Every structure is written in structure tokens, then in C-alpha cells.
Amino acid sequence: MVKNIAIGTGRRKTAVARVFVRDGSGKIVVNGKDVKEYFKSEEQVQVVRQPLLVTSMDNKYDILINVEGGGLNGQAAACLHGISRALVQIDQDARTSLKANGYLTRDSRMVERKKYGQRGARRRFQFSKR
């Protein structure tokens with residue numbers, strides 16, 4: 001039985017990530033796959049690892065992430081948020097460095113809804129004088 005040290009929930013756009021932190025060697029598993037296998041681009045992998053590098057805990061813990069909803073960029077940002085929240089539960093001293101980098105703040109930007117009588121949220125249909 002592997003015991004979770006901390007649990008964090010991260011959100012971004014419509015993506016939600018549940019993060020479980022366990023003692024280990026720095027392995028990150030996202031939805032049953034390795035982080036490099038799940039997130040195709042190197043930038044997304046870097047985003048996920050960011051809170052661990054800032055707090056220099058990258059080889060202390062294994063991280064298990066269940067993420068759903070949204071696209072890959074939103075999911076990566078949700079993972080970052082969730083990992084940051086979980087690390088604060090483990091070590092209160094990490095809070096200052098994570099907060100300074102803005103990793104504990106939930107990015108509240110969402111897609112604006114489409115309005116009736118329009119082609120998109122703000123885009124109108126082409127106006128015809130004649």
C-alpha cells in the first residue's frame with residue numbers, strides 16, 4: 001500500500017488535475033503514462049515540472065496525476081497548479097517561492113460564451129449594405 005503524502009487539485013480553463021504526491025525518486029505519471037509520453041511538447045513537460053524545480057524537490061517525491069477536460073496546454077497548467085498546492089501541504093516554507101512565481105494563483109481566464117445573432121463571442125456576421 002503506497003501512502004499519499006499530499007493531495008492537490010489544480011484547475012485551468014476547463015481542465016481539472018488531481019495530484020497525489022508520494023515518497024519516491026521524482027517520477028511523474030499523468031493518466032497512467034509517463035509525463036514525457038503524455039505531454040508531447042517539451043514546453044508542456046517543463047510547465048509541469050516547474051514547481052518542483054523552484055522548490056528543489058524534483059528527486060524527492062513521485063507524483064501521480066489524474067487530469068481531464070480541456071486541451072493539453074490547459075491540462076499542463078492545471079497540473080502545475082495542483083502540484084504547487086500539494087507541495088505547500090508538505091512544506092509550508094515552499095509557499096513563499098511558489099507564491100512569488102505565481103504558481104498558487106488559479107488562472108481564472110475562461111473562454112467567453114458565444115452570443116446569439118453572432119458568429120462567435122465577439123465576431124459578428126458580415127454586414128451588407130445592399
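As a reminder, the structure under discussion sits directly above these lines.
As the structure is a prediction and not an experimental result, all values here were calculated from the model.

### Focus on the packing of aromatic side chains
- Applying the stated rule across the entire model yields 1 aromatic pair.
- Judged by centre distance (5.0 Å) and plane angle (90°), the rings of Tyr 38 and Phe 39 are edge-to-face.
- Residue class for Tyr 38 comes out buried when judged on its relative accessible area of 16%.

### As for the pairing of strand β2 (residues 15-23)
- Of the pairings in the sheet, the one linking strand β1 (residues 6-12) to β2 comprises 7 bridges and is antiparallel in character. Bridge pairing in β2 links Arg 11 to Val 16.
- Where β1 hands over to β2, the hairpin turn is made up of 2 residues, of which Lys 13 adopts a positive phi near 55°.
- Note: β2 against strand β5 (residues 61-68), 8 bridges, orientation antiparallel. When the sheet's bridge partners are listed, Asp 23 is paired in β5 with Tyr 61.

### As for the environment of Val 16
- In this fold, Val 16 is placed in strand β2.
- The class for Val 16 is partly exposed, based on a relative accessible area of 30%.
- Spatially, the C-alpha atom of Val 16 lies 24 Å from that of Ala 121, the residues being 105 residues apart in sequence.
- Ignoring sequence-local partners within four residues, the contact set of Val 16 consists of Thr 9, Gly 10, Arg 11, Asn 66, Val 67 and Glu 68.

Cut-offs applied
- Residues numbered from 1 in each chain as written.
- Predicted model: local features only at pLDDT ≥ 70, side-chain atom pairs only at ≥ 80, totals over all residues.
- Heavy atoms only, no water.
- Phe/Tyr/Trp six-rings, centres within 6.5 Å; stacked < 30°, edge-to-face > 60°.
- Buried < 20%, exposed > 50% of the residue type's maximum accessible area, 1.4 Å probe, protein only.
- Pairing = 2+ DSSP bridges.
- Helix = DSSP H or I, 4+ residues; strand = E, 2+ residues; numbered from the N terminus.
- Contact = heavy atoms within 4.5 Å.

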